[in-house]
Each structure stands twice: as structure tokens, then as C-alpha cells.
Amino acid sequence: MSQKSPEEDSQAAKPVGGFADMAQELAAKNPLVRKENGHIDLLAAAGGVRGIAESILPGLVFLVAFTLTRDLTVALVGSVAMAAVFLVARLVQRTPLTQALAGIVGVALSAFLAMKTGKAEDYYTVGFYTNAGYILAMVVSIAVRWPVLGLLFGYARNEGTRWRQQPERLRAYRVATWILVGVMGARLAVQLPLYFAGQVDALGAMRLIMGVPLYAFGLWIAWLVSRPAADVPAASD
């Protein structure tokens, strides 16, 4: 029986068709960084200090302004202005605009919906649809045996997509992806009842608490659960 060369094995492990382009793009944009101790760099995964600020501060400004004034217009203007400040700062510093643009579009759409209905809680509806979209995408990726966290973690661990050839690694990355599905699902389970009850202050607080902090925690757990056996310290005698 002839044996395949390393080059042939590498080609066999690569994604095919549309998944090839998707995997290559995910690898190029992968924010995950593996530190010297083998753990994931959660700060980098969340976009760094600036990325965290861009994710949190517009919502925080909205929550604080609305809580203090109960004036929806003031809260919305403050939120959009904060997102615009981040965009301008990136333009001035000539740094990548992707995250800031996505942020201001999301904030502007949220503000538009809330202003249109006159209900402060509608500021948060975009986030519900975003969470649902992520859940759907991750569940589909698991179903087709291309779990999202396998693509992200695989490149961070220099596994590429070779993990798909190993049932135990594929299973580990499916479990890891289910963990993030659980994080997204928990957000909806907690926040939707608050939305329908019109509890804007509590909803805003839960949105902040269950945003970056919960995501980072879920990502860390998923990283530990999916690590290869070689990464697990041997038990001392």
C-alpha cells in the first residue's frame, strides 16, 4: 500500500470548495493569540483595550444617560456620539476601521429603532437578532462538521484544519462551539424576559455583564475543553 507524502496529507486536510475560502479568511482575520504559557490571550480575543471600549462604552453611555434623565433622545444622542468618537479616533490615527464602523452602524440602527418606537428597550433589539444569528451559524457549523471554534482555535494552535481528520479533535471542537452557543443562548434567556417586561435598566445592566465578560469566560472554557492531550499537564506521582 502506497503512503501519502506530507504534502498530500496537508492538501487532504485543507477545506474544500467554499469552505477553503472561508477558512482562509477566518485564519487571516483570526484575533486569537496563544500566549507562551499555552493559554489563549483573552484580551486580544476581545479586540484589545480599544476593542472592549468600543463594544461597551456606547451602551454604557445610553444606560447611564437614560437612567439619570429618563430622556430617550438624550440617551440615544450620547450613545451615537460615543460610537462616532471612536470612529473619528481611528480615522485620525489611520488604524483599521472595521470594528469601529460595525460599532457605529449597530449603534445607529439601535438608536433608529428606539426612536421610531419611542421605547428605550428597543435600543437592544439589534443585539437579540445578532445573538440569534451567531447561534444559528454555530449550530449549522457543528451540524456540517466544521465547528467555528475548530477553525479559529485550529489556526491559533497551528493545527490548521488537520483536526478534522481526528475524531477526538473534531469532537472536542464541536463541544467547544456548543459552549459558545450556550453563552449566546443564556443571553437571550436572561435578556428577552426583561425586554418584554420593559425593564430597561435591568436589561441594560445584563447586556453589559453578559457582553464581553461572559463571552471571554466562555471562550476561555472552550479553549481549555478543546486543548489537545499534549497540552494537558501530566499528573505528578
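Because the structure is predicted, anything quoted here is derived from the model rather than measured. (Residues numbered from 1 in each chain as written. Predicted model: local features only at pLDDT ≥ 70, side-chain atom pairs only at ≥ 80, totals over all residues. Heavy atoms only, no water.)

Draft legend 1. Spotlight on the overall build of the chain. Counting its secondary structure elements, the chain contains eleven helices and zero strands. For the chain, the N- to C-terminal ordering of α and β elements is α-α-α-α-α-α-α-α-α-α-α. Within the chain, the proportion of its 237 residues that are buried is 38%. When contacts within the chain are restricted to residue pairs at least 6 apart in sequence, long-range pairs at least 24 apart make up 67% of them. (Helix = DSSP H or I, 4+ residues; strand = E, 2+ residues; numbered from the N terminus. Buried < 20%, exposed > 50% of the residue type's maximum accessible area, 1.4 Å probe, protein only. Contact = heavy atoms within 4.5 Å.)

Draft legend 2. View of a nonpolar patch on the surface. Together, Leu60, Val64 and Leu68 make up an exposed nonpolar region whose accessible area comes to about 270 Å². Of note, Leu68 is situated in helix H4 (residues 48-69). By relative accessible area, Leu68 is classed as exposed at 67%. (Patch = residues over 30% accessible without salt bridge, like charges linked within 9 Å, V, L, I, M, F, W, Y side chains within 5 Å. Areas by Shrake-Rupley, 256 points an atom, 1.4 Å probe, with all protein chains shown as cover. Salt bridge = Lys/Arg side-chain N within 4 Å of Asp/Glu carboxyl O.)

Draft legend 3. Here's a closer look at the packing of aromatic side chains. Following the criterion strictly, the structure yields eleven aromatic pairs and no others. Here Phe62 and Tyr124 contribute two aromatic rings whose centre-to-centre distance is 5.8 Å and whose plane-to-plane angle is 80°, an arrangement assigned as edge-to-face. Taken as a pair, Phe62 in helix H4 and Tyr124 in the loop between helix H6 (98-117) and helix H7 (125-143) lie far apart in primary sequence, 62 residues in all. With respect to burial, Phe62 and Tyr124 carry one shared label: buried. Seen in terms of ring centroids, Phe153 and Trp223 are 5.0 Å apart; in terms of plane orientation they differ by 80°. Their pairing is edge-to-face. Taken together, the positions of Phe153 in helix H8 (residues 148-156) and Trp223 in helix H11 (residues 212-226) put the pair 70 residues apart, joining distant regions of the chain. Of the residues examined, Phe153 reaches a relative accessible area of 0% and is grouped as buried. Ring-pair connections join several aromatic residues into one group, and the members of that group are Trp146, Phe153, Trp163, Tyr173 and Trp223. Arg207 extends its terminal NZ or CZ atom over the ring of Phe128, reaching a point 5.3 Å from the ring centre. (Phe/Tyr/Trp six-rings, centres within 6.5 Å; stacked < 30°, edge-to-face > 60°. Lys NZ or Arg CZ within 6 Å of the ring centre and 35° of its normal.)

Draft legend 4. Spotlight on the pattern of salt bridges. Tallying each qualifying case throughout the model produces three salt bridges. With a shortest N-O distance of 2.7 Å, Glu54 and Arg90 are connected by a salt bridge. Here Arg90 lies in helix H5 (residues 72-93) and Glu54 lies in helix H4, a separation of 36 residues in the sequence. Taking the relative accessible area as the measure of exposure, Arg90 reaches 9% and is therefore buried. Between Arg169 and Glu159 there is a salt bridge, with the nearest N and O atoms lying 3.1 Å from each other. Pair noted here: Arg169 is in helix H9 (residues 167-196) and Glu159 is in the loop between H8 and H9, with a separation of ten residues, a long-range link. With respect to class, Arg169 is no different from Glu159; both count as buried.

Draft legend 5. Representation of the environment of Gly127. Mapped onto the elements of the fold, Gly127 is located in helix H7. Given the relative accessible area of 14%, Gly127 is considered buried. The spacing of Gly127 and Val107 is 20 residues in sequence and 9.9 Å in space, taken between C-alpha atoms.

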